[in-house]
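Spelled out, the chains give:
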Amino acid sequence: MTLLIKNGTIVTATDQYRGDVFIDGETISTIGMSLTMPADRIIDATGKYLFPGGIDVHTHLDMPFGGTTSSDDFETGTIAAAFGGTTTVVDFAIQYRGQTLHHAWETWMKKAEGKAAIDYGFHMIITELNDQVEQEMDALVGQGVTSFKLFMAYPGVFMLDDASIFKALLRTGKNGGTICMHAENGGVIDVLVKKALAEGKTAPKYHALTRPARAEAEATHRAIALAEMAGVPIYIVHLSAAEALEMVTEARDRGLPAYAETCPQYLFLSYDNYEEPGFDGAKYVMSPPLRARETQDRLWRGLAFNDLQAISTDHCPFCMKEQKVLGEGDFSKIPNGAPGIETRMSLVYDGGVRSGKISLNRFVELTSTSPAKIFGLFPRQGTIAPGSDADIGVCDPEKKLRLGVKTLHMRVDYNPYEGREVTGATDTVVSRGKIVVDAGKFTGKAGAGSFLKRSTRQL
Ligand SMILES: [Zn+2]
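Remember, predicted model here, so these are calculated numbers, not experimental data.

Caption draft 1: Main features of the nonpolar core. Membership of the largest hydrophobic core comes to 122 residues, with the highest contact counts inside it found for Met124 and Met181. Within the second largest apolar cluster, 15 residues are counted, among which are Ile10, Ile28, Ala45 and Ile435.

This is the structure:
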């Protein structure tokens, strides 16, 4: 199968120019002016941008949490991702206590096989560390699972103590893996949650009020300090608080390899959403929680000045009906998470590029190139270049899209941005040479996505 995309404006993290892209099989073959080679299919991209396929390095598809499971599986979730211009997801496999990492990896590979419509990789969540697990970390790095997520929150479930975190960090100094950290002080939060419930404070907003920004900042600082003592880089996931960003900025100013991502929900929503009437605040229950509105500007500045290197989604949808409702009368039982896999590129393009907060090149860098480099996918992915995977989003910068349950494809009964209009949307998406979204229609196939064996970090 050959494909010729003509007259588009090709945008990478560094370039922007008019040109044609010729795709032969799964990879980009030729880029040039007025290409004339015959192709099985020609797409006219006049007036449109060609972006490298989006890379979302933080998703939770088909994930058990709090007695239920995230409502998108690898089929519905990756199809929704494709509609939004994302062609690669890196999801999380979970080692439960008493289990091996290998068991976790096999379990999650089975969840994705035959279902994923775009390419996927895995980070490994470690909840228990011993000598055998450390050896397994080395083996996994060799098999393309080159990053590990640790938790400083959720005591008794996911949380690791500082000694285990430090040991895991030291190990990545030897095996080249990368530690991703959920940085919130779980002990403090647990005490605050119990205190609130004892005082009869049960509404969704108390989820946010019991997870202070300082608890995120403290853990972020501690995570970076542990990595500094271990002499290795660290990547902070879903950074939400300005106080936590200060810790990353301070570390980077000292020359430390500290990296962090934020998510669209922290750029476009705020604590005010928890004050919505009735139980509606539950729609926004996620960890870390949404922060004060003023935080948004601070995060945009962090993105513009490279104190934040990536925008991922932490996509982890739960329906209001039957799932979020588990926490009616007790905010601590509301499943944590919200949908976002499909709306990332449009929200950031509209709210970031169009509003002048970040450049077009920076948009590509934050949503594709930089995550590809940090997580060992570059230059196979994350750019438009001869020899790279033919993962391309054709974006119409003037197309208006009203976000909502009716217009989007995620398998969840609400949308946190319901009714919001964005300008700039992907209409055609190519994933490893195949058109998976064709002028707004899904033309891909469940199971067509492949497991990506990632290399070690290129930091
Ligand atoms: Zn997450």
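Don't stop here, the text continues.
Caption draft 2: The packing of aromatic side chains, seen in detail. A complete count under the given rule lists 22 aromatic pairs for this structure. Connected via pairs of aromatic rings, a cluster forms that spans Phe65, Phe151, Tyr154, Phe158 and Phe318. For Lys149, the ring lying beneath its charged end belongs to Phe92, and the centroid distance is 4.3 Å. Above the ring of Phe378, the side-chain terminus of Lys373 is found at 4.8 Å from the ring centroid.

Caption draft 3: Spotlight on helix 2 (residues 101-112). Between its first and last C-alpha atoms helix 2 spans 17 Å; for 12 residues at 1.5 Å apiece the expected length is 16 Å, and the two agree. For helix 2, every residue scored as buried is listed here: Leu101, Ala104, Trp105, Trp108, Met109, Lys111 and Ala112. On an axial view of helix 2, the arc spanned by its buried residues comes to 155°, and they lie on one face. Contacts from the buried residues of helix 2 go to strand 7 (64-65), helix 1 (74-83), strand 9 (86-94), strand 10 (119-125) and helix 3 (131-142). A positive backbone phi angle near 75° is found at Gly114, which sits one or two residues after helix 2.

Caption draft 4: Looking closely at the sheet that holds strand 13 (residues 234-236). Ordered by their spatial adjacency, 8 strands build an open sheet running 6-9-10-11-12-13-14-15, and the pairing between neighbours is parallel. Both edges of this open sheet fall to strand 6 (54-59) and strand 15 (310-311), since each of them pairs with a single strand only. Each of strand 9 and strand 10 touches helix 2; the most contacted strand, strand 10, lies at about 150° to it. With respect to the sheet, helix 4 (residues 162-175) is in contact with strand 11 (147-151), strand 12 (178-182) and strand 13, its orientation differing from that of strand 12 by roughly 150°.

Caption draft 5: Representation of the coordination of the zinc ion within the structure. The coordination sphere of the zinc ion contains the protein donors His58 (NE2), His60 (NE2) and Asp314 (OD), at a distance range of 2.0 to 2.3 Å. Written as a sequence motif, the donor residues of the zinc ion are H-x1-H-x253-D. In this pair, His58 sits in strand 6 while Asp314 sits in the loop between strand 15 and helix 11 (344-354), placing the two residues 256 residues apart along the sequence. Neither residue differs from the other here; His58 and Asp314 are each classed as buried.

Caption draft 6: Focus on the pattern of salt bridges. Scanning the model with the defined rule gives 28 salt bridges in all. Where Glu134 meets Arg171, a salt bridge forms, and the shortest distance between an N and an O atom there is 3.3 Å. Of the two residues, Glu134 is situated in helix 3 and Arg171 in helix 4; the sequence distance between them amounts to 37 residues. Assigned by exposure class, Glu134 and Arg171 land together as buried. In this structure, Arg354 engages Glu398 in a salt bridge whose closest nitrogen and oxygen atoms are separated by 3.8 Å. Of the two residues, Arg354 is situated in helix 11 and Glu398 in strand 16 (residues 392-402); the sequence distance between them amounts to 44 residues. Residues joined by salt bridges that share partners form a network here, namely Glu26, Asp119 and Arg432.

Caption draft 7: Geometry of helix 3. For helix 3, built from 12 residues, the straight-helix expectation of 16 Å at 1.5 Å per residue is met to within 8% by its first-to-last C-alpha distance of 18 Å. Along helix 3, the residues that are buried comprise Val133, Glu134, Glu136, Met137, Leu140 and Val141. For helix 3, the buried positions fall inside an angular range of 160° around the axis, keeping them on one side. Turned more than 90 degrees off the buried face of helix 3, the exposed positions are Asp131 and Gln135. The inward-facing, buried residues of helix 3 abut helix 2, strand 10, strand 11, helix 4 and strand 12. With a side-chain oxygen lying 3.1 Å from the backbone nitrogen of Gln132, the N-terminal cap of helix 3 falls on Asn130. Positive backbone phi, approximately 95°, marks Gly144, located one or two places after helix 3.

Rules behind the numbers
Residues numbered from 1 in each chain as written. Predicted model: local features only at pLDDT ≥ 70, side-chain atom pairs only at ≥ 80, totals over all residues. Heavy atoms only, no water. Core = buried A, V, L, I, M, F, W, Y, C linked by side-chain atoms within 4.5 Å. Buried < 20%, exposed > 50% of the residue type's maximum accessible area, 1.4 Å probe, protein only. Phe/Tyr/Trp six-rings, centres within 6.5 Å; stacked < 30°, edge-to-face > 60°. Lys NZ or Arg CZ within 6 Å of the ring centre and 35° of its normal. Helix = DSSP H or I, 4+ residues; strand = E, 2+ residues; numbered from the N terminus. Expected span 1.5 Å × (residues − 1). Arc of directions from axis to C-beta. Contact = heavy atoms within 4.5 Å. Pairing = 2+ DSSP bridges. Axes fitted to C-alpha atoms, helices over the stretch in contact; angles between N-to-C directions. Donors = N, O, S within 2.8 Å, 3.2 Å for Na, K, Ca; no water. Salt bridge = Lys/Arg side-chain N within 4 Å of Asp/Glu carboxyl O. Polar contact = N/O pair within 3.5 Å; in protein donor to acceptor, adjacent residues only side chain to side chain.

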